[in-house]
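Breakdown of the fold
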Amino acid sequence: MMLTLALICLAAAAFFFGQRKAVSVTGGRTSALHSRPVYHGWYVALACGLPAVSLWFLILLVGDWMIDRTIVAALPGELREASAPVLQRFLNDAETLAAGGVPTIELTPELEAAAASFRRLSLLEHWVGFGAALGIGLIASGIAMRRIDVSRRTRQPVERVLLIVLLAAAAISVLTTAGIVFSVLFEAIRFFDKVPILDFLFGVKWSPQIALREDQVGSSGAFGAIPLFTGTLLVTFVAMLVAGPVGLLSAVYLAEYADPRHRAVAKPMLEILAGIPTVVYGFFAALIVAPALRQAGISLGLDVASESALAAGLVMGMMIIPFVSSLTDDALAAVPADLRDASLGLGATHQETVTRVVIPAALPGIVAGFLLAVSRAIGETMIVVMAAGLAANLTANPFEAVTTVTVQIVTLLIGDQEFDSAKTLAAFALGLTLFMVTLGLNIVALRMVQKYQEQYD
Amino acid sequence: MTDMAQPMTSIHQSDFSRARLRRRYARERNFKIMSVSALGLTGIFLVILLGSIVLNGWSGFLGTELRLEVTYSDEHIDVENPANGNFRMIILDALRERFPEATERREQRALLGIVSNQGIYDVREALLDNPSLAGGSLELWIPAATEVDMLNKGYVDRSAPEELRLIDDRTIAWVDAFDEAGDLATVFNWTFLVSGDSREPELAGVGGAVLGSFWILLVTFVVSFPTGVGAAVFMEEFAPKRRWVDVIEVNINNLAAVPSIVFGLLGLAVFLNVMHLPRSAPVVGGLTLALMTLPTIIITTRAALKGIPPSIKDAALSIGASPVQVVSHHLLPLAMPRILTGAIIGMARALGESAPLLMVGMVAFVVDLPSGPTDAATALPVQVFLWADSPERGFVEKTSAAIMVLLVFLIAMNGLAVYLRQRFEIRW
């Protein structure tokens with residue numbers, strides 16, 4: 001922390017003096033410089049910072065290794081001969097103890113001695129690193145300062161560093177995808193070691209909550225994900241039943257009928273609906289919609305579960321309306337006005353124009369929007385966590401409680417965190433399935449949109 | 001001219017045609033009504049949603065207080081060390097004085113149950129602030145327990161059978177006695193805005209969650225804004241090959257549509273299991289949300305850069321600016337309002353997001369206010385989720401009130417974005 005601060009101060013000073021030197025070598029006529037003074041400043045600052053930071057990391061790396069070696073060398077014989085994991089655990093505990101924490105193994109004189117020498121050595125490492133980093137920073141920036149000259153090209157190296165930084169920023173987005181794929185895939189593969197992939201994909205019984213006995217092999221609960229898939233599809237289906245027609249018709253109104261005054265009211269309304277956090281929808285579903293449906297069911301003589309797929313689906317549909325509507329609106333707006341005018345010119349009514357000309361022309365875009373909405377509904381978490389149940393029922397009856405993939409991911413991962421049990425790993429397998437399905441839907445939808453746009457461009 | 005006055009028998013005026021035309025117009029009318037009512041339905045949804053939140057939640061900002069005349073008798077106070085008194089007994093004495101009929105132990109416990117546990121601390125604080133009170137007495141407003149609070153706010157049905165109520169007839173009589181004496185007041189509940197979570201609804205607050213959300217958003221912004229803008233600038237202006245940009249672009253578009261919970265799994269696997277960052281800390285939540293917000297920022301930044309006329313870039317290049325200078329001196333400053341607008345909207349979405357935070361352990365019960373990005377904390381939407389799960393009636397209004405606080409922040413952020421867009425946007 002102190003080093004970071006010191007380095008920032010040093011680099012700032014280097015920037016300032018570099019810039020001033022650049023101005024002074026020209027005697028105030030900065031236009032004579034090859035590179036503008038600010039580049040000279042950056043050049044000196046980078047010359048200070050880059051070697052210092054690299055050296056600091058190098059010293060930390062080598063130092064930690066050396067500390068471990070020294071401590072192990074000072075240990076009594078029987079401990080030194082211990083296996084690598086035991087030794088590693090001992091070292092970790094010494095480090096914890098040195099930092100003032102509570103070690104996981106029994107407190108022995110050896111451990112205390114190790115912790116003491118750890119504390120001493122890491123302090124030494126810290127100061128050596130501190131001095132060396134600051135020293136090399138000073139020397140390097142000094143050299144860079146001396147080299148400042150009217151014809152010195154400092155812009156190119158500075159810009160090259162900047163480009164590398166920008167490239168790294170762009171790489172992060174790719175790394176995120178890779179990170180998702182690998183982290184989720186890795187844990188999912190560990191899961192499929194324990195539970196065969198076919199049992200997972202085609203099993204019809206899901207009960208991961210069965211108590212696992214340590215000594216029992218194979219009794220790891222039932223991990224058949226079919227009930228989750230059907231539950232997810234049921235909720236999604238109900239949601240699309242609401243969001244599809246309502247979203248499509250609102251988009252038709254906005255694109256074909258509304259005058260600017262009405263649009264100015266309707267658009268923000270949809271935007272508000274789109275901006276409400278999902279947890280709010282979840283609370284609304286659990287507190288208002290589900291009890292209301294239950295009451296209505298009782299008065300109609302229907303048995304509606306208090307956590308029914310219907311309640312979750314209805315509210316999720318509400319949430320997706322703006323999404324469907326704005327994507328459909330875009331698709332309708334992209335239909336060339338010629339088609340519309342031609343149809344109206346032949347005497348067709350507005351309704352005939354919309355249903356027989358505009359919507360067929362915009363169909364690929366609309367379908368793509370629906371696919372994106374389905375992908376959104378499948379991945380939606382909070383509403384179903386709060387309003388759908390936990391019981392994995394294999395049913396197509398929307399009045400019953402169902403559970404979904406996302407609900408199970410959340411329930412499996414909240415609470416216990418052993419990363420070896422099939423129970424927690426199952427969440428990653430479900431996550432992988434979810435990622436694959438939504439990714440597939442997105443790719444298909446984006447393709448359709450692209451194709452469709454090209455058609456009229 | 002007179003010929004024209006004669007009725008013409010064209011095929012468009014036969015009865016059949018007229019009927020068909022009527023049908024077509026009717027269909028047109030119906031279609032229009034349907035599309036308007038679809039939009040109207042959406043509006044009704046919105047009104048019901050917001051209305052039920054406000055109706056349930058407004059009383060969450062209010063609290064009930066009771067006026068008690070407490071006596072710091074020597075019996076319960078250690079004059080040498082005033083912090084150590086038996087303040088519970090002091091409150092009980094004050095209550096007993098008012099209701100001398102309560103003599104049994106059970107009754108006394110019930111009597112003590114009408115004031116919040118906070119009362120003990122309030123009585124203690126008052127003495128610590130003014131040690132000369134020892135032996136004397138003082139009038140204090142003390143928060144009431146949640147059952148009394150619910151009764152006062154009218155959420156308890158007095159006509160219901162006693163065993164179905166959370167609060168019995170005897171307690172109702174006590175509370176009514178307070179009310180008649182003018183010693184019961186409904187006040188603005190500052191505790192709700194400033195304090196952390198609590199098991200007692202009357203003491204629970206969103207302060208901790210708001211601070212937690214603040215730290216999360218700070219980390220999210222610091223990480224995702226420079227990275228996102230940098231990535232977009234690289235892709236728009238410097239990427240050497242078009243093919244690479246296409247790969248990254250497809251990747252980003254897909255990333256933008258990945259369900260948020262999958263980002264939570266990523267955060268769990270990478271930041272917690274591999275990098276061993278602390279669980280429940282805003283820094284982990286912030287990093288996870290930063291990865292989620294990154295595509296939004298990249299997409300808006302690219303759109304903003306694309307929106308600047310090429311003539312500006314050409315002009316700058318032609319008078320000798322380097323490509324980096326073109327970007328840093330001209331393109332970025334011109335694009336900044338739109339970039340900021342997009343970033344704020346991305347931040348607003350991150351503020352409302354809860355599923356990834358559940359994955360990285362931000363569901364802990366946190367009483368203390370987090371004072372930095374590495375303290376255990378929870379976020380505002382997660383607090384809503386936690387309270388929504390609580391069975392107590394008192395938490396229903398707290399949940400709705402917390403949602404109202406969350407919505408106020410969201411409206412403020414979106415309002416800022418709209419303002420920036422309108423105030424600074426340049427139309428070419």
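**Examining the overall build of chain A**
- Secondary structure summary: chain A contains 16 helices and two strands in total.
- The principal-axis extent of the C-alpha atoms belonging to chain A is close to 85 × 75 × 35 Å.
- Across the 457 residues that make up chain A, the buried fraction comes to 45%.
- Looking at chain A alone, contacts between residues at least 24 apart form 71% of all its contacts between residues at least 6 apart.
- Carbon and sulfur atoms make up 67% of the accessible area of chain A, which amounts to about 22,300 Å² in all.
- For chain A, the distance from the average position of its 29 positive side-chain charges to the average position of its 34 negative side-chain charges is 14 Å.

**With respect to the overall build of chain B**
- Tallying secondary structure elements over chain B gives 16 helices and three strands in all.
- Relative to its length of 428 residues, chain B is extended, with a C-alpha radius of gyration of 32 Å against a globular reference of 22 Å.
- Considering only C-alpha atoms, chain B reaches an extent of 105 × 80 × 40 Å along its principal axes.
- The buried share among the 428 residues of chain B stands at 50%.
- For chain B, contacts bridging at least 24 residues in sequence account for 76% of all contacts bridging at least 6.
- Accessible surface, chain B as shown: approximately 20,800 Å² in total, 59% of it carbon and sulfur.
- Taking the average location of the 35 positive side-chain charges in chain B and that of its 44 negative ones, the two points are 20 Å from each other.

**Some details on the layout of surface pockets**
- As a volume, the second largest pocket reaches approximately 600 Å³.
- Taken together, 22 residues form the lining of the second largest pocket, with A:Trp42, A:Val158, A:Leu162, B:Val324 and B:Ser328 sitting closest to its centre.
- Elements with a minimum of two residues in the lining of the second largest pocket: helix H2 (37-74) and helix H6 (155-194) of chain A together with helix H8 (207-238) and helix H13 (323-352) of chain B.
- When residues in the lining of the second largest pocket are grouped by element, the largest group, seven residues, is from H6(A).
- Grouping the amino acids of the lining of the second largest pocket by side-chain chemistry returns 17 nonpolar, three polar and two charged.

**Notes on empty space enclosed by the protein**
All names here are of chain A.
- Within the structure shown, the criterion is met by two cavities of 30 Å³ or more.
- Its volume calculated, the largest cavity comes out at about 40 Å³.
- Contributing to the lining of the largest cavity are Thr 232, Val 235, Thr 236, Met 316, Ala 377, Ile 378, Glu 380, Val 384, Thr 404 and Thr 406.
- Contributions of two or more residues to the lining of the largest cavity are made by helix H8 (226-257) and helix H13 (350-379).

**Some thoughts on the pattern of salt bridges**
- Using the criterion set out here, one finds 11 salt bridges over all chains in the structure.
- We note a salt bridge from A:Arg155 to A:Glu159, for which the minimum N-O separation is 3.6 Å. You can see A:Arg155 and its partner A:Glu159 sitting in helix H6, four residues apart, about one turn around the helix.
- With a shortest N-O distance of 3.9 Å, B:Arg67 and B:Glu139 are connected by a salt bridge. Taken together, the positions of B:Arg67 in strand S1 (residues 62-71) and B:Glu139 in strand S2 (residues 137-143) put the pair 72 residues apart, joining distant regions of the chain.
- A single network of salt bridges, built from pairs that share partners, joins B:Glu236, B:Glu249, B:Arg302 and B:Lys306.

**Examining the interface of chain B and chain A**
- Listed as interface residues are 71 residues of chain B and, on the opposing side, 77 residues of chain A.
- Taking both sides of the interface into account, the surface hidden between chain B and chain A amounts to around 6,200 Å²; carbon and sulfur atoms contribute 79%.
- It is B:Phe31, B:Leu39 and B:Leu49 that lose the most area in chain B upon contact with chain A, and together they represent 10% of the buried surface on that side.
- Between the two partners, chain B and chain A, sit one salt bridge.
- In this structure, the salt-bridge partner of B:Arg24 is A:Glu352, at a minimum N-O distance of 2.8 Å.
- Linking chain B with chain A are eight residue pairs in polar contact (both at pLDDT 80 or more).

**A few points about the domain arrangement of chain B**
Residue and element names in this part refer to chain B.
- In terms of domain boundaries, chain B breaks down into domain 1 (60-188) and domain 2 (207-424).
- Distance between the C-alpha centres of domain 1 and domain 2: 46 Å.
- Considering only the side of domain 1, the residues that lose the most area to domain 2 are Gly 60, Phe 61 and Met 150, jointly responsible for 65% of the buried surface there.
- In this structure, the connection of domain 1 to domain 2 is made through zero salt bridges.

**Quick word on the environment of A:Ala266**
- As for its position among the elements, A:Ala266 is in helix H9 (residues 260-275).
- With 13 residues separating them along the chain, A:Ala266 and A:Tyr253 place their C-alpha atoms 9.9 Å apart.

**Overview of the nonpolar core**
- Core analysis: the largest hydrophobic core is formed by 152 residues, its most contacted members being A:Ile180, A:Phe191, A:Trp206, A:Tyr281, A:Ile409 and A:Leu430.
- Here the element with the most residues in this core is H8(A); it accounts for 15 residues.
- Once residues lying within four places of it in the same chain are set aside, the contact partners of A:Tyr281 are A:Leu273, A:Ile276, A:Val315, A:Met318, A:Met319, A:Ile383 and B:Leu49.
- By size, the runner-up hydrophobic cluster in this structure holds 42 residues, among which are A:Leu10, A:Val44, A:Leu166 and B:Ala231.

**Topic: the sheet that holds strand S3 (residues 184-188) of chain B**
Residue and element names in this part refer to chain B.
- Strand order in the open sheet made by the three strands is S2-S1-S3, with antiparallel pairing throughout. Each edge of the sheet is formed by a strand with only one pairing partner; in this case those strands are S2 and S3. Put simply, the sheet's adjacent strands are angled 35° from each other on average, direction ignored.

**Things to note about the packing of H6(A) against helix H9 (residues 242-256) of chain B**
- Interaxial distance between H6(A) and H9(B) falls to 10 Å at its minimum, and their mutual angle equals 55°. With respect to each other, H6(A) and H9(B) are oriented oblique. In the packing of H6(A) onto H9(B), the handedness of the crossing is left-handed. Here A:Ala170, A:Ser173, A:Val174, A:Thr176, A:Thr177 and A:Ile180 of H6(A) come into contact with H9(B), specifically with B:Ile248, B:Asn251, B:Ile252 and B:Leu255.
- A class-by-class count of the residues in the contact of H6(A) with H9(B) yields six nonpolar, four polar and no charged.

**Section: the packing of aromatic side chains**
- With the rule as written, the count across this model stands at 10 aromatic pairs over all chains.
- Measuring from centroid to centroid gives 5.4 Å for B:Phe61 and B:Phe192, while their planes differ by 90°, and the two rings are edge-to-face. Taken together, the positions of B:Phe61 in the loop between helix H1 (15-57) and S1 and B:Phe192 in helix H7 (residues 190-194) put the pair 131 residues apart, joining distant regions of the chain. Note on accessibility: B:Phe61 and B:Phe192 belong to one class, buried.
- Of the aromatic side chains, those joined through ring pairs into one cluster are B:Phe61, B:Phe192, B:Trp387 and B:Phe395.
- Lying across the ring of A:Phe323, A:Arg376 places its NZ or CZ 4.6 Å from the centre.
- Here the basic side chain of B:Arg423 rests over the ring of B:Phe424, its NZ or CZ set 4.9 Å away from the ring centre.

**What about a positive patch on the surface?**
- Taken together, A:Arg356, B:Arg20, B:Arg23 and B:Arg27 make up a surface patch of like positive charges.
- If one sorts the elements of the positive patch by residue count, H1(B) sits on top with three residues.
- Checked against the element boundaries, B:Arg20 lands in helix H1.

**Thoughts on the confidence of the model for chain B**
Residues and elements named next belong to chain B.
- Confidence in the prediction of chain B, expressed as mean pLDDT, is 83, and 97% of residues score 70 or more.
- Averaged pLDDT values for the elements of chain B fall to 77 in helix H3 (residues 105-112) and rise to 91 in helix H12 (residues 310-318).
- Taken over the whole predicted complex, pTM reads 0.85, whereas the ipTM for its chain interfaces reads 0.87.

About the thresholds
- Residues numbered from 1 in each chain as written.
- Chains lettered and ligands numbered in written order.
- Predicted model: local features only at pLDDT ≥ 70, side-chain atom pairs only at ≥ 80, totals over all residues.
- Heavy atoms only, no water.
- Helix = DSSP H or I, 4+ residues; strand = E, 2+ residues; numbered from the N terminus.
- Buried < 20%, exposed > 50% of the residue type's maximum accessible area, 1.4 Å probe, protein only.
- Contact = heavy atoms within 4.5 Å.
- Areas by Shrake-Rupley, 256 points an atom, 1.4 Å probe, with all protein chains shown as cover.
- Lys, Arg positive; Asp, Glu negative; His and termini not counted.
- Charge placed at Lys NZ, Arg CZ, Asp CG, Glu CD.
- Rg over C-alpha atoms; globule rule 2.2 N^0.38 Å.
- 1 Å grid on protein atoms, 1.4 Å probe; cavity = no way out; pocket = protein on both sides within 12 Å on 5 of 7 lines; lining within 4 Å.
- Points joined across faces, edges and corners; volume = space filled by probe spheres on them.
- Nonpolar A, V, L, I, M, F, W, Y, C, P; charged D, E, K, R; others polar.
- Salt bridge = Lys/Arg side-chain N within 4 Å of Asp/Glu carboxyl O.
- Buried area = accessible area lost by both parts, 1.4 Å probe.
- Polar contact = N/O pair within 3.5 Å; in protein donor to acceptor, adjacent residues only side chain to side chain.
- Domains from an automatic or database assignment.
- Core = buried A, V, L, I, M, F, W, Y, C linked by side-chain atoms within 4.5 Å.
- Pairing = 2+ DSSP bridges.
- Axes fitted to C-alpha atoms, helices over the stretch in contact; angles between N-to-C directions.
- Parallel < 35°, antiparallel > 145°, perpendicular 65-115°, else oblique.
- Left-handed = near helix turned anticlockwise from the far one by under 90°.
- Phe/Tyr/Trp six-rings, centres within 6.5 Å; stacked < 30°, edge-to-face > 60°.
- Lys NZ or Arg CZ within 6 Å of the ring centre and 35° of its normal.
- Patch = residues over 30% accessible without salt bridge, like charges linked within 9 Å, V, L, I, M, F, W, Y side chains within 5 Å.
- pLDDT = per-residue confidence, 0-100.

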